[in-house]
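# Secondary and tertiary structure notes
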Amino acid sequence: MRKFDTKVQHLKYKVLREVARRAYDDTLLESITEIPKLLAPGPEPTMRCCVYKERAILSERIKLAMGGDKLNPNVIEVIDIACDECPVRGYDVTDACRGCIAHRCEDVCKRGAITFDHHQKAHIDKTKCVECGACAAVCPYSAIANFKRPCENACKVKAISMSQSKAAQINNDKCIACGACVYQCPFGAIMDKSYILNAIDILRKSDGNKQYKVYAVIAPSISSQFTYAKLGQVISGIKKLGFYTCIEAALGADMVAYAEAAELAEKGFLTSSCCPAFVEYIQKQFPQLKDNISHNLSPMASIAKYIKEKEPDCKVIFIGPCTAKKAEIQKETVRKYIDCAITFEELAALFDSRDIDLTVLDEDVLDNASYFGRIFARCGGLADAVAEGLKEQGREDFELKACSCDGIEQCRMALLKASKGVLAENFIEGMACVGGCIGGAGCLTHGEKNKNEVNKYGMEAKEKTITDAISVLK
């Protein structure tokens, strides 16, 4: 039985599965209106007020599963009609208010937004409140709470606000495509665009014409996913979909760690380039630090570049946990190497659209990367790999002082210190998702156990050093 963290993820998967199934059967366009009826047959609704609204929202989910709004450059989109159940954000007085006579909340409010009824219960005038939180901080009963919407709370770059219709809206100038809002929205009203149809098109043309080979570049965090099957069976399943072979993105991580170690020793201070959401965050919020970003491509792009240089006519599809990778592959420096990017959620949908039962397949292997390349999937892994890279290059005279940032809030603090010249460390490992790639929005499951699985996967590496791993590329 497949395990998803939430029913929202399961619903998203079902839409993707049905879209993929019909794409393979060449019946998608003529049967597109039948999918909502299949998933919400009625007559009684299971998720919304009525079955007709369920189907209307499902139709919008199908559009996103087919690539979404082509005029919107962001890979994250809001389904407006699905975003209508959350309360308006802001500070409110709860029933915990005791009607005390101290009125600290009133005294501290500089806007005069606090008033009292005849029971001395406090009330907040939303037209005057600027949501500074001062009243909540001084209330002795903690009776004033900030009812921020889950998407706003999840978005640490403050890219989400409310439209006039009270639906969420995304500021593309601030958004870094990390997908935190996608995972946290309890109604699935915010979703990442899917390029699953692109992947199917690439695979089908390869299978039919044999004009090119299709390589799967797989993120090391896959070791913590698909818990109902063995990793070797997942690899077999990927090949059964029509991929020529599977290459570890972790091998690209070995390449990056080795090169980044040399770059760090040369420059003296560096921020990592592996996480596209972190890189985007620097460029948008800390542009003064752009020159300090490692000039290396990400592990995904590095290994894809190597593959394309060896076989120019091939196609490369990245499979991983990351919504930001969908944005990264659109960049001029990367798009010539990666033809498509899909998440683990989308991979699960592909398997079931082709009725592939992973549990009955023989086990295949991934044996390209080192331990250090594989542990890139969790926070701290990159710093460990750079330390190993310095050691293997004989640069022990350079003292690595790494700051491993677990999530955007920690990234912000480190970058703020660096921008002011007061950061004690000389290397910032930036991971936008909490936990690292194992916490990516496109994962099937999240949690501390994923870290243990990645460490275990790293220990199984055939190549024990970074030099061993990248030697096969020469």
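### Quick notes on the packing of aromatic side chains
When we look at a pair of aromatic rings, we describe it by the centre distance and by the angle of the planes. Evaluated as defined, the whole model comprises 7 aromatic pairs. Look at Phe4 and Tyr13: their rings are 5.2 Å apart centre to centre, the planes differ by 35°, and that puts the pair in the tilted class. Given a relative accessible area of 4%, Tyr13 falls into the buried group. Ring geometry for Tyr215 and Tyr244: centres 5.5 Å apart, planes at 70°, overall edge-to-face.

### Concerning the sheet that holds strand E15 (residues 427-431)
Strand order in this open sheet of 3 strands is E11-E15-E14, and the pairing throughout is parallel. The outermost strands of the open sheet, each flanked by one partner alone, are strand E11 (270-271) and strand E14 (402-406). Bridging between E11 and E15 involves 2 bridges; their strand directions are parallel. Counted as the bridge partner of Thr271 is Ile428 from E15.

### Side note on a positive patch on the surface
The grouping of Lys148, Lys156, Lys158, Lys174 and Arg412 at the surface amounts to a positive patch. Its location among the elements puts Lys158 in the loop between helix H7 (150-154) and strand E6 (160-162).

### Let's talk about the nonpolar core
Counting 141 residues, the largest nonpolar core has Phe226 and Ile238 as its most contacted members. Beyond its immediate sequence surroundings of up to four residues, Phe226 is in contact with Val234, Phe344, Leu347, Ala348, Phe351, Leu358 and Leu444. Grouped together as the second largest cluster of nonpolar side chains are 10 residues, Tyr91, Ala122, Ile124 and Ala143 included.

### Things to note about the state of the cysteines
Here the structure, examined in full by the defined rule, presents 0 disulfides. Unpaired in this structure, Cys175 has its nearest cysteine sulfur neighbour in Cys181, at a distance of 6.3 Å. On the basis of relative accessible area, Cys175 is assigned to the buried category, the value being 11%. For the unlinked cysteine Cys411, the closest cysteine sulfur is that of Cys405, found at 4.5 Å. The buried category is assigned to Cys411, whose relative accessible area is 0%.

### A word on the sheet that holds strand E12 (residues 315-320)
Whether parallel or antiparallel, the strands of a sheet pair through hydrogen bonds between backbone atoms. What the 4 strands build is an open sheet, ordered E10-E9-E12-E13; its pairing is parallel. Looking at which strands have only one partner, the edges of the open sheet turn out to be strand E10 (245-248) and strand E13 (340-343). Taken pair by pair, the neighbouring strands of this sheet meet at an average axis angle of 30°, ignoring direction. Here 5 bridges tie strand E9 (residues 214-218) to E12, and the two strands are oriented parallel to one another.

Calculation rules
Residues numbered from 1 in each chain as written. Predicted model: local features only at pLDDT ≥ 70, side-chain atom pairs only at ≥ 80, totals over all residues. Heavy atoms only, no water. Phe/Tyr/Trp six-rings, centres within 6.5 Å; stacked < 30°, edge-to-face > 60°. Buried < 20%, exposed > 50% of the residue type's maximum accessible area, 1.4 Å probe, protein only. Pairing = 2+ DSSP bridges. Helix = DSSP H or I, 4+ residues; strand = E, 2+ residues; numbered from the N terminus. Patch = residues over 30% accessible without salt bridge, like charges linked within 9 Å, V, L, I, M, F, W, Y side chains within 5 Å. Areas by Shrake-Rupley, 256 points an atom, 1.4 Å probe, with all protein chains shown as cover. Salt bridge = Lys/Arg side-chain N within 4 Å of Asp/Glu carboxyl O. Lys, Arg positive; Asp, Glu negative; His and termini not counted. Charge placed at Lys NZ, Arg CZ, Asp CG, Glu CD. Core = buried A, V, L, I, M, F, W, Y, C linked by side-chain atoms within 4.5 Å. Contact = heavy atoms within 4.5 Å. Disulfide = S-S within 2.5 Å. Axes fitted to C-alpha atoms, helices over the stretch in contact; angles between N-to-C directions.

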